[in-house]
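The primary structure of each chain is shown beneath.
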Amino acid sequence: MQPMGGSFGWLEATALGSGMRSSLWMYPIVEIFHIVGFVFLVGAVFMFDLRLLGLSKNLPVTAMARHLLRWSVLGLFLVVPAGLMMFSAHPGDFISNRVFQLKLLLILAAGINAAIFHTGVYQTVDGWNTQASAPSLARFHAALSMALWIAVIACGRLLAYT
Ligand code: HEM
């Protein structure tokens, strides 16, 4: 019995937890929602990061942000509940899994990186909104964002093998 996992025994015992373990289709269907969720989330984030890195300079950064942010938020509202539902099937195993712990840390780092960008260098966007290269700090945030989300996806996929 994993000591830490023990504290999630209540979740494992819920109707949701036992349903996710016993039903043939519930877990795979929920995992499909998880995948569709991060396609929206990470897909929208990547399109914005590529704009910051200099692609499609004719498209205003602010318009891209307005258009893409809503899809990344939609993605979050799919990927997190679906993730928690899958987590409820084997919370003890997942919470003691180093790859799962790393995945959550990377998601937190990606969130902090986005928050620092939006409250920091993005405040000067009027100076580089179109037909201009974004400041090197903005490009650094974009490259870090892409690396972090790729690492999150890699951890998510490797969960099945660890
Ligand atoms: C927010 C961004 C997230 C991304 C990009 C992401 C990505 C992934 C990926 C790529 C997989 C593998 C899917 C597959 O190969 O079928 C996965 C599986 C999984 N994720 Fe996430 N995930 C995210 C958030 C979460 C959260 C917040 C949780 C729960 C707290 C979570 C829990 C899980 C679980 C339990 C699995 C299933 C592992 C398995 O049975 O193979 N994920 N995730």
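Our focus in this paragraph is the overall build of the protein. Scanning the protein for helices and strands turns up eight helices and zero strands. Along its sequence from the N terminus, the protein presents helices and strands in the succession α-α-α-α-α-α-α-α. For the protein, the C-alpha atoms occupy an extent of roughly 55 × 30 × 25 Å along the three principal directions. Scored against the burial criterion, the 162 residues of the protein give a buried share of 36%. The long-range share in the protein, meaning contacts at least 24 apart out of those at least 6 apart in sequence, stands at 79%. Of the accessible surface of the protein, which amounts to about 9,300 Å², a share of 74% is contributed by carbon and sulfur atoms. Both charge centroids of the protein, one from 9 positive and one from 5 negative side chains, sit 10 Å from each other.

Take the packing of helix α3 (residues 15-22) against helix α5 (residues 61-89) next. It is the contact of α3 with α5, at a shortest axis distance of 7 Å, that shows an interaxial angle of 80°. By the angle class used here, α3 and α5 are roughly perpendicular. Between α3 and α5, the residues in contact are L16, G17, M20 and R21 and M85, M86, S88 and A89, respectively. Of the residues that constitute the contact of α3 with α5, the class distribution is five nonpolar, two polar and one charged.

Turning our eyes to something else, we now look at the site of the ligand. Near the ligand you find 22 residues, and of these Y27, E31, H34, K103 and R157 are the closest. A distance of 2.6 Å separates an oxygen atom of the ligand from a polar atom in the side chain of Y27. One of the side-chain N or O atoms of E31 is found 2.9 Å from an oxygen atom in the ligand. Only α4 (26-52), α5, α7 (98-119) and α8 (136-158) provide two or more residues apiece to the shell around the ligand. If you tally residues by element for the shell around the ligand, the top one is α4, at six residues.

So, on to the coordination of the iron atom of the ligand. Looking at the iron atom of the ligand, the protein donor atoms are H34 (NE2) and K103 (NZ), and they sit 1.7 to 2.1 Å from it. Each of the six donor atoms around the iron atom of the ligand contributes to a set of angles spanning 84 to 179°, which defines the coordination as octahedral. One end of the pair, H34, is in helix α4; the other, K103, is in helix α7, with 69 residues separating them in the sequence. The exposure class of H34 is buried, given its relative accessible area of 12%. The exposure class assigned to K103 is buried, which follows from its relative accessible area of 12%.

Glancing now at the packing of aromatic side chains. As enumerated under the stated definition, the model contains seven aromatic pairs in all. Aromatic pair F87 and F100: ring centres 5.4 Å apart, planes at 15°, arrangement stacked. Of this pair, F87 sits in helix α5 while F100 sits in helix α7, and the two are 13 residues apart along the sequence. Overall, the relative accessible area of 9% leaves F87 in the buried class.

Take the nonpolar core next. If you look at the biggest cluster of nonpolar residues, it comprises 19 residues, and the most contacted ones within it are L41, F87, F100 and W149. At the level of elements, α4, α5, α6 (91-95), α7 and α8 are the ones that each hand at least two residues to this core. Residue contributions to this core peak at five residues, all from α8. Those residues in contact with L41 that sit more than four places away from it in its chain are W71, S72, G75, L76, V79 and W149. Formed by 15 residues, the second largest nonpolar core is a distinct cluster that contains A65, L68, V121 and W128.

What counts, and where the lines are drawn
Residues numbered from 1 in each chain as written. Predicted model: local features only at pLDDT ≥ 70, side-chain atom pairs only at ≥ 80, totals over all residues. Heavy atoms only, no water. Helix = DSSP H or I, 4+ residues; strand = E, 2+ residues; numbered from the N terminus. Buried < 20%, exposed > 50% of the residue type's maximum accessible area, 1.4 Å probe, protein only. Contact = heavy atoms within 4.5 Å. Areas by Shrake-Rupley, 256 points an atom, 1.4 Å probe, with all protein chains shown as cover. Lys, Arg positive; Asp, Glu negative; His and termini not counted. Charge placed at Lys NZ, Arg CZ, Asp CG, Glu CD. Axes fitted to C-alpha atoms, helices over the stretch in contact; angles between N-to-C directions. Parallel < 35°, antiparallel > 145°, perpendicular 65-115°, else oblique. Nonpolar A, V, L, I, M, F, W, Y, C, P; charged D, E, K, R; others polar. Near = heavy atom within 4 Å. Polar contact = N/O pair within 3.5 Å; in protein donor to acceptor, adjacent residues only side chain to side chain. Donors = N, O, S within 2.8 Å, 3.2 Å for Na, K, Ca; no water. Tetrahedral: all angles 85-135°; square planar, octahedral: opposite > 155°, others 65-115°. Phe/Tyr/Trp six-rings, centres within 6.5 Å; stacked < 30°, edge-to-face > 60°. Core = buried A, V, L, I, M, F, W, Y, C linked by side-chain atoms within 4.5 Å.

Shape is all these values report; function is a separate question.
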